[in-house]
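Summary of the model geometry
One-letter residues, chain by chain:
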Amino acid sequence: MSEQIKITVLCGDGKIPRVIRHDTGKTLLETMRREGVALPSLCGGMGTCGRCAVKFCGYAPLPTPSDRRTLPPDRLREGFRLSCTAHPVKECTVEADFAKAVETEEGRLHVLADYNREQGSTLSGTGLESGLPHPSALGGRTVAAADIGTTTIAMQLLERVSGSVLDTYTCINPQRGYGMDVVSRIRASDAGQGALLQKLVRDALAEGLRRFRQSAGKLGMREPELLAVACNTVMGHIFMGYPTQTLGRSPFCPVNLKTDTLEWNGIRTVLLPNLSAFVGGDILAGLYACGLCGGVPDGTGQAQCVRTPDGGSGGRNGEPVWLFMDLGTNAEMVMGAGTRVAATAAAAGPAFEGRGCDGAMGTERIFAAAHLLEQGLVDGTGLLAEPYFGTGITVETEDRKVFITQEDIRDIQTAKAAVRAGIHFLMERLGVTGDSAIGQVYLAGGMGFYLDGKAAVGLGLLPEAFADRLRTVGNTALAGAGLFARNGWRESGRLLETYGEKVEVFQMAELADFAEVYVGYMDFPVGRHQT
């Protein structure tokens with residue numbers, strides 16, 4: 001039977017004491033979350049990331065198996081425990097410098113708001129062309145767009161007619177303390193934290209809107225009249241307050257995939273439609289921004305055709321073929337061949353996210369792994385050469401040193417296999433023959449923005465035929481949300497819902513030969529080319 005005890009928490013550089021009430025039936029992490037203590041936990045309280053460790057002064061609970069797996073013996077002797085598994089039963093004092101840990105963690109992350117990397121160029125239909133009059137001369141109407149990512153949030157204030165970007169706001173998604181991936185968020189929501197997760201993300205967007213209203217006033221513009229939100233299906237469910245239980249178990253049925261609206265924080269807010277439980281509105285927004293949806297209005301009232309990619313034409317009837325990819329812990333991929341479009345998602349794991357004590361980005365680890373493979377320090381099966389197998393090795397990149405372990409190599413292999421399997425099954429679904437048949441490959445999101453194409457091809461993460469066909473398009477979710485807001489949510493919503501209904505979405509794990517194909521792409525290409 002649980003009871004209430006007092007715990008004194010020492011936070012910050014000044015170790016300012018704060019007394020909180022703790023239910024002995026709960027973990028210390030649960031209590032700290034309830035009390036609003038900032039948390040760097042990335043595993044959703046599963047006892048695996050080690051970020052939520054605190055130091056017990058005097059009395060300390062007995063170490064849990066997770067403590068022993070995650071914390072070195074000397075730290076255990078000093079009284080360190082993981083707050084996500086600690087169940088203190090006596091009044092005690094703990095030292096927690098979470099605020100500094102969060103600040104350090106977030107300082108290493110760059111929140112991407114750019115649409116592409118080419119200087120002076122833009123995505124089709126975003127309206128950011130040069131030579132337009134000053135925004136205040138176009139009527140002063142503004143709209144706002146938001147991309148709610150699992151890790152980061154990016155927002156922009158746009159002049160409605162021209163699409164000129166008037167202000168940008170970015171931050172780390174404050175839900176991150178409940179885990180890095182959508183599965184952790186679903187688990188937290190199902191455990192009764194849904195309302196808190198919703199408040200966290202809405203508060204972040206409210207701060208962006210507050211700044212945009214100030215910016216609009218200083219520019220002599222009107223306050224934004226519409227906020228368009230693009231995000232994956234889980235983030236959208238949490239933002240809208242939908243239950244998430246059906247997203248976390250088979251057959252993975254979303255509560256709603258269509259456009260939804262609400263009056264919130266003094267503004268009409270619109271959630272873009274989604275494609276499925278695994279392929280969300282951020283991907284549909286990306287296709288919209290890249291001009292890959294048929295009949296997409298360009299902001300001037302004119303409809304534009306589906307973009308004709310450069311390169312091969314390998315569809316069943318010689319149609320042009322394109323591939324859109326957003327790589328992350330859940331790697332979404334969409335392929336078009338003529339009038340047919342198919343989409344799937346791959347569970348890529350942690351390889352594409354920044355992690356580890358050196359704070360290196362996923363793209364930096366991929367670059368490092370490609371270097372080790374080229375130097376012969378990693379073989380085709382993914383084994384690090386001795387003596388680095390057990391200790392790891394530091395690789396110097398252009399601007400930093402990256403520490404890479406055997407576990408990192410395995411993570412990259414599983415991500416590679418998942419992505420290549422996705423490409424394989426998309427080609428199979430649409431009758432596309434050979435990697436060279438794909439004319440243009442659009443790399444969206446932060447991973448694609450910073451990914452070294454040569455390293456990706458060298459590891460077999462992308463086929464060799466893609467080397468000269470990669471187009472880095474950046475945060476297309478934000479670009480698409482902005483275009484959606486400018487064109488009006490009713491028109492844009494109907495168009496994207498209609499387009500989305502034509503997309504053939506499938507789950508790879510349900511395919512009979514998935515395991516065989518997945519394993520076949522696990523090895524790295526050494527002295528040969530993967531196809």
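1. Overview of the overall build of the protein chain
- Scanning the protein chain for helices and strands turns up 15 helices and 21 strands.
- A burial count over the protein chain gives 55% of its 531 residues as buried.
- Long-range pairs, those at least 24 residues apart, make up 67% of the contacts in the protein chain between residues at least 6 apart in sequence.
- Here the protein chain displays about 22200 Å² of accessible surface, and carbon together with sulfur accounts for 51% of that area.

2. A short note on the sheet that holds strand 16 (residues 340–347)
- Strand order across the open sheet formed by six strands is 20-19-14-15-16-21, with mixed pairing between neighbours. What marks the edges here is a single partner per strand, and that holds for strand 20 (470–474) and strand 21 (504–505).
- On the sheet, helix 7 (residues 281–289) packs against strand 14 (321–326) and strand 15 (330–337) and is oriented at approximately 135° with respect to strand 14.

3. So, the packing of aromatic side chains
- According to the stated counting rule, one finds five aromatic pairs in the structure shown.
- A centroid spacing of 5.2 Å and a plane angle of 65° characterise the contact between Phe-252 and Phe-278, whose relative ring orientation is edge-to-face. Within this pair, whereas Phe-252 is found in the loop between helix 6 (233–240) and strand 10 (260–264), its partner Phe-278 is found in the loop between strand 11 (267–271) and helix 7, the two being separated by 26 residues in sequence.
- For Phe-278, a relative accessible area of 29% translates into the label partly exposed.
- Seen from their ring centres, Phe-514 and Tyr-518 are 5.6 Å apart, and the 35° between their planes marks the pair as tilted. On the criterion of helical spacing, the pair formed by Phe-514 and Tyr-518 is a turn pair, its members being four residues apart in helix 15 (residues 514–520).

4. A few points about the packing of helix 13 (residues 476–487) against helix 14 (residues 489–502)
- Packing of helix 13 against helix 14 leaves a shortest axis separation of 6 Å and a crossing angle of 125°. As judged from the angle between their axes, helix 13 and helix 14 are oblique. Here Leu-483, Phe-484 and Asn-487 of helix 13 lie close against helix 14, whose contacting residues are Trp-489, Glu-491, Ser-492, Gly-493 and Leu-496.
- Counted by class, the contact of helix 13 with helix 14 contains four nonpolar, three polar and one charged residues.

5. Observations concerning the nonpolar core
- The biggest cluster of nonpolar side chains holds 58 residues, and the ones touching the most others in it are Leu-323, Met-325 and Phe-352.
- Take this core: its biggest share by element is 12 residues, from helix 10 (residues 406–430).
- The contact partners of Met-325, leaving out residues within four places of it in the chain, are Glu-332, Met-333, Val-419, Ile-423, Val-441, Tyr-442, Leu-443, Ala-444 and Leu-462.
- Within the second largest apolar cluster, 39 residues are counted, among which are Ala-154, Leu-158, Phe-324 and Val-341.

6. Quick look at the confidence of the model for the protein chain
- In the predicted model, the protein chain carries a mean pLDDT of 84, and the fraction of residues at 70 or more is 82%.
- Within the model, the stretch residues 99–108 combines pLDDT values under 50 with 12 contacts to residues more than four positions away or in other chains.
- Within the model, pLDDT remains below 50 along residues 117–132, and this stretch shows 40 contacts once partners closer than five positions in the same chain are excluded.

7. Considerations on the pairing of strand 17 (residues 393–396)
- Here strand 17 shows one buried face, formed by Ile-393 and Val-395, and one open face, formed by Thr-394 and Glu-396.
- Pairing of strand 17 with strand 18 (residues 401–404) involves four bridges; the strand directions are antiparallel. Of the residues in strand 18, the one forming a bridge with Thr-394 is Phe-403.

8. Notes on unusual backbone geometry
- Across the junction of Ser-250 and Pro-251, the peptide omega takes the value 10°, indicating a cis bond.
- Looking at where Pro-251 falls in the secondary structure, it is placed in the loop between helix 6 and strand 10.
- Backbone torsion omega between Glu-386 and Pro-387 reads 5°, so that peptide bond is classified as cis.
- Unlike most non-glycine residues, Phe-252 shows phi in positive territory, near 60°.
- In the Ramachandran plot, Asn-265 falls in the positive-phi region, its phi being about 55° despite a non-glycine side chain.
- By secondary structure assignment, the location of Asn-265 is in the loop between strand 10 and strand 11.

9. What to know about the sheet that holds strand 9 (residues 226–231)
- Pairing within the open sheet is mixed, and its six strands lie in the order 8-7-6-9-11-10. Every other strand in the sheet has two partners, leaving strand 8 (165–172) and strand 10 as the edge strands with one partner each. Sheet twist, expressed as the average angle between the axes of neighbouring strands with direction ignored, equals 20°.
- As defined by bridge partners, strand 9 adjoins strand 11 across four bridges and the pair is classed as parallel. Considered in strand 11, the bridge of Val-229 is made with Leu-271.
- Its contacts with the sheet place helix 5 (residues 182–218) against strand 6 (142–148), strand 7 (152–159), strand 8, strand 9, strand 10 and strand 11, and it is angled at close to 30° to strand 7.

10. So, helix 14
- Between the first and last C-alpha of helix 14 there are 20 Å, a value that for 14 residues agrees with the 20 Å anticipated at 1.5 Å per step.
- Where helix 14 is concerned, the buried positions are Ser-492, Gly-493, Leu-495, Leu-496, Glu-497, Tyr-499 and Gly-500.

11. So, the environment of Leu-323
- You can see Leu-323 is positioned in strand 14.
- Judged by relative accessible area, which is 0%, Leu-323 ranks as buried.
- Distance from Leu-323 to Ile-423, taken between C-alpha atoms, is 8.5 Å for residues 100 residues apart in sequence.
- When sequence neighbours within four positions are dropped, the list of residues in contact with Leu-323 reads Met-333, Val-334, Met-335, Ile-423, Leu-426, Ile-438, Gln-440, Val-441, Tyr-442 and Phe-466.

12. A short note on the packing of helix 7 against helix 14
- Contact geometry of helix 7 with helix 14 gives a least axis separation of 11 Å together with a crossing angle of 105°. By the angle between their directions, the pair helix 7 and helix 14 is classed as roughly perpendicular. From helix 7, Leu-284, Leu-287 and Tyr-288 reach across to helix 14, where they touch Ser-492, Leu-495, Leu-496 and Tyr-499.
- Looking at the contact of helix 7 with helix 14, its residues break down into six nonpolar, one polar and no charged.

Conventions used here
Residues numbered from 1 in each chain as written. Predicted model: local features only at pLDDT ≥ 70, side-chain atom pairs only at ≥ 80, totals over all residues. Heavy atoms only, no water. Helix = DSSP H or I, 4+ residues; strand = E, 2+ residues; numbered from the N terminus. Buried < 20%, exposed > 50% of the residue type's maximum accessible area, 1.4 Å probe, protein only. Contact = heavy atoms within 4.5 Å. Areas by Shrake-Rupley, 256 points an atom, 1.4 Å probe, with all protein chains shown as cover. Pairing = 2+ DSSP bridges. Axes fitted to C-alpha atoms, helices over the stretch in contact; angles between N-to-C directions. Phe/Tyr/Trp six-rings, centres within 6.5 Å; stacked < 30°, edge-to-face > 60°. Parallel < 35°, antiparallel > 145°, perpendicular 65-115°, else oblique. Nonpolar A, V, L, I, M, F, W, Y, C, P; charged D, E, K, R; others polar. Core = buried A, V, L, I, M, F, W, Y, C linked by side-chain atoms within 4.5 Å. pLDDT = per-residue confidence, 0-100. Expected span 1.5 Å × (residues − 1).

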